Amino acid sequence: MVAWALLLFAAGTAELGAQVQPPTVAGARRFEEVDLGDAGWSGMSFGVAWGDFDGDGDPDVYAPCHWLSAGARLLRNRGDGTFVNVAREEFRNQRRDLSGDRHGASFWDFDNDGDQDLAVMVGAQFGTGRQPNKFFVRDGGGYVDRAAALGLDYPKGRARTLAMLDFNNDGHLDALCAGLRRADAPTALLLQSGGERRTFGDVTGRTGLPVADRDFGQLTFLPDDGLALFVDGYPPGLFPLGELPLRDVGARLELPFGHRVRDAAWADFDGDGALDVFYACSGFGSEVAQLDEQNVRFVLRPMGADQGFELAVGGPVDLVLGGRLWDQVGGRPRDLVPADVRIGALGLAPEARVFTLDPGDPTTALVAAPERPPVGVTLGFDARSGHLRLVVGAPRARLDGMVRGLGGVSLRRVHGFRRRATTRPDALMLWREGRFVDGMPAAGLDPQTDAVSVVAGDFDNDMDVDLYLVSSRPVSNPANLYYENLGAARFRVHADGAGAAGSVRGRGDAAACADFDGDGFLDLYVANGEGDEALARDGPDQLFRGVPNGNHWLMVDLVGTQSNRDGIGARVRLDAGGRRQLRLQDGGVHCFSQNHKRLHFGLGSSARVESITVDWPSGATQTLGPCATDQVITITEPE
């Protein structure tokens, strides 16, 4: 009975709406999970970044862990398939450097000195205060925060993800600091000055970028416009580099901007030599999930109308409540406090947000639910049915929580959930003759997914770029998806993630890829701690190793000399096996996360690379080859 009730709710009354899954297969296992051992973590996350911080050639991991007191984690790759957390050894001021409201992180060689510095974005108390970003410069074997001295602190910004790119092509990386809406500190463009004293100047006022919620920006390349910056938000935008104010060419190129993008991956999916784009666009909604016979989790997001649910209980229940309330439309949010919770007909408040309710206690009885509940949470036991009833009312709210009953709890009904015919659809846009066209129908993909993070890479080394999607719902954690590219942007869907399905615990947050063990096959780091602590506390970080299949490969490290040292903005074309592949050195950044910057090419059965051509941002073109496969090579820009 419980399972049937939950199925009806999930399919028919959740705000995200009903979904029709695409044809799927179990298929060969592309990935296998690796035990992180003592380096493992379960709890809040906010993206993940791969980068070689110690310069030994093996990619390492930085995990922000959001604002938990345990602090951020820096996992050194030992080179033997294992990792060790060295955050306390590598950061000079542990208390300050590892704490705070940590968001997306990324590695960059901003000063062209040959080592990887680290940017960590920080919130600003929901837009009501000041909290500076952190920018750790590699100095004498450790990390020192120099964000303020560099002009990268941007303390009022509600920062989410930093992307670095050479906006004005002067050989120095500039910064796009994407963040949530704040009129006096919007998403910022910061240009780096050259010379001995490197600083970043704020030119945001000259960009013309509308103030909006923006989680990330990415570098891409347009055949007719050159290097360009994609910035998510509503509205999103696509802007050629070097122009102020920014000139949006998205409408001219017919990109669909009808709603916000959760994440994006730019790659040549159909092998025609031009970059295409996949948008992951899962919407937000409300959900109540029956985890087992004793536990129910929920997220309620009322927008002007109250929402709630009823549970049958077999005795006393423990509740954990958290979240935020808006007292008025357009106002600032505030944290839910015990005084916002009203129990029973008397409206008594609990002493804390973790408390116990006993149906035998007369003060917990509800005679009738209020027609228009006040701002906050009303709950108690229905006098007639005995069911636990919970309702949240506010102009806007996000209520997270859990109900646990050793005597059993069972979801009976939900109240106030809006049903929509469609969710925010994913999109695959392919470049065709000067514009983008919809590639979803021919791709064999269903646009309705729960995807919140996407990674593109040739995971099976067959010379076609595949996709990996992290799935997440407001409460439950559905299986992640692996889209195997069969060629020409036609995909086979592996509903079990081809061995990297993820976890049923926590909520899917982000994924990033790298070849951590040097076998030439891309691996995945997946974080499952999205959201508030009540729902994220048991979400594990996971490492999935790509399983070798005998196909060949080549990986390329770029070193700029006239261009920025990371080679951000360089295009690499590789010819092998009668095919040409394209990679753009975009820094690996996507929403809250960063793939390893080392460029990866799958080569199938080809045991020889005919040629490699690099178009550097400086304008220099360099051609090399032939060369052997199954190796990592370094290409240095000519002086």
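The model shown is predicted, which means the values in this text are computed figures rather than measured ones. (Residues numbered from 1 in each chain as written. Predicted model: local features only at pLDDT ≥ 70, side-chain atom pairs only at ≥ 80, totals over all residues. Heavy atoms only, no water.)

### Details of the nonpolar core
What counts is decided by this rule: Here, nonpolar core refers to any group of buried Ala, Val, Leu, Ile, Met, Phe, Trp, Tyr and Cys residues whose side-chain atoms link them within 4.5 Å. The cut-offs for exposure are 20% and 50% of the maximum accessible area for each residue type, with area from a 1.4 Å probe on protein chains only; residues under the lower value are buried, those over the upper are exposed, and the others partly exposed. Strands are runs of DSSP state E lasting at least two residues, helices are runs of H or I lasting at least four, and both sets are numbered from the N terminus onward. Residues are treated as being in contact if the distance between any of their heavy atoms lies within 4.5 Å.
Of all hydrophobic cores here, the largest spans 40 residues; its most connected members are Trp108, Phe135, Leu162, Met164 and Phe200. For this core, the element with the highest residue contribution is strand 11 (residues 158–165), accounting for five residues. Apart from residues lying up to four places away in sequence, Met164 is in contact with Trp108, Phe110, Phe135, Leu173, Asp174, Ala175, Phe200 and Ile568. Listed in part, the 29 residues of the second largest apolar core include Leu336, Phe381, Val392 and Leu399.

### Some remarks on the confidence of the model for the chain
Quick note on the threshold: pLDDT: the predictor's confidence for each residue, scored from 0 to 100.
Summing up the model confidence of the chain, the mean pLDDT is 89 and the portion of residues at 70 or higher is 91%. For the stretch residues 1–23, pLDDT sits under 50, and the model shows 52 contacts to residues farther than four places along the chain or on other chains.

### As for empty space enclosed by the protein
To be explicit about the condition: A cavity, in this analysis, means grid points on a 1 Å lattice covering only the protein atoms where a 1.4 Å probe fits yet has no way out; a pocket is instead an open set bounded by protein on both sides within 12 Å along at least five of seven lines, and a residue lines either one if it has an atom within 4 Å of a point. Grid points are joined across faces, edges and corners, and a volume is the space filled by probe spheres set on the points. Each residue is assigned to one class: nonpolar for Ala, Val, Leu, Ile, Met, Phe, Trp, Tyr, Cys and Pro, charged for Asp, Glu, Lys and Arg, and polar for all the others, Gly among them.
Inspection of the entire model under this criterion finds four cavities of 30 Å³ or more. The calculated volume of the largest cavity comes to roughly 530 Å³. The wall of the largest cavity is formed by 34 residues, among which Ala456, Arg583, Leu584, Asp586 and Asn595 lie closest to the centre. Listed by contribution, the elements that provide at least two residues to the lining of the largest cavity are strand 15 (217–222), strand 18 (263–267), strand 34 (451–457), strand 38 (510–514), strand 43 (579–584), strand 44 (589–590) and strand 46 (599–604). Here the residues of the lining of the largest cavity sort into 19 nonpolar, nine polar and six charged.

### Considering the environment of Gly123
With respect to the secondary-structure elements, Gly123 resides in the loop between strand 8 (117–122) and strand 9 (134–139). Once you skip the residues sitting within four places of it in the chain, Gly123 turns out to touch Asp101, His103, Gln131, Gly157, Arg158, Ala159 and Arg160.

### A look at the sheet that holds strand 11
This is how it is decided: Two strands form a pair only when DSSP identifies at least two bridges running between them. Simply put, an axis is a line fit to the C-alpha atoms, just over the touching stretch for a helix, and the angle between two N-to-C directions goes from 0 to 180 degrees.
Here we have four strands laid out as an open sheet, ordered 11-12-13-14, and antiparallel in their pairing. Both edges of this open sheet fall to strand 11 and strand 14 (200–202), since each of them pairs with a single strand only. Across this sheet, the average inter-strand angle for adjacent strands is 25 degrees, counted without regard to direction. Here three bridges tie strand 12 (residues 174–180) to strand 13 (residues 188–192), and the two strands are oriented antiparallel to one another. Bridged to Leu176 within strand 13 is Leu189.

### Overview of the layout of surface pockets
Size it by volume and the second largest pocket reaches roughly 440 Å³. For the second largest pocket, the lining is made up of 19 residues, of which Asp52, Gln116, Asp557, Leu558 and Asp566 are closest to its centre. Elements with a minimum of two residues in the lining of the second largest pocket: strand 3 (49–51) and strand 41 (552–559). When grouped by side-chain class, the residues that make up the lining of the second largest pocket number three nonpolar, eight polar and eight charged.

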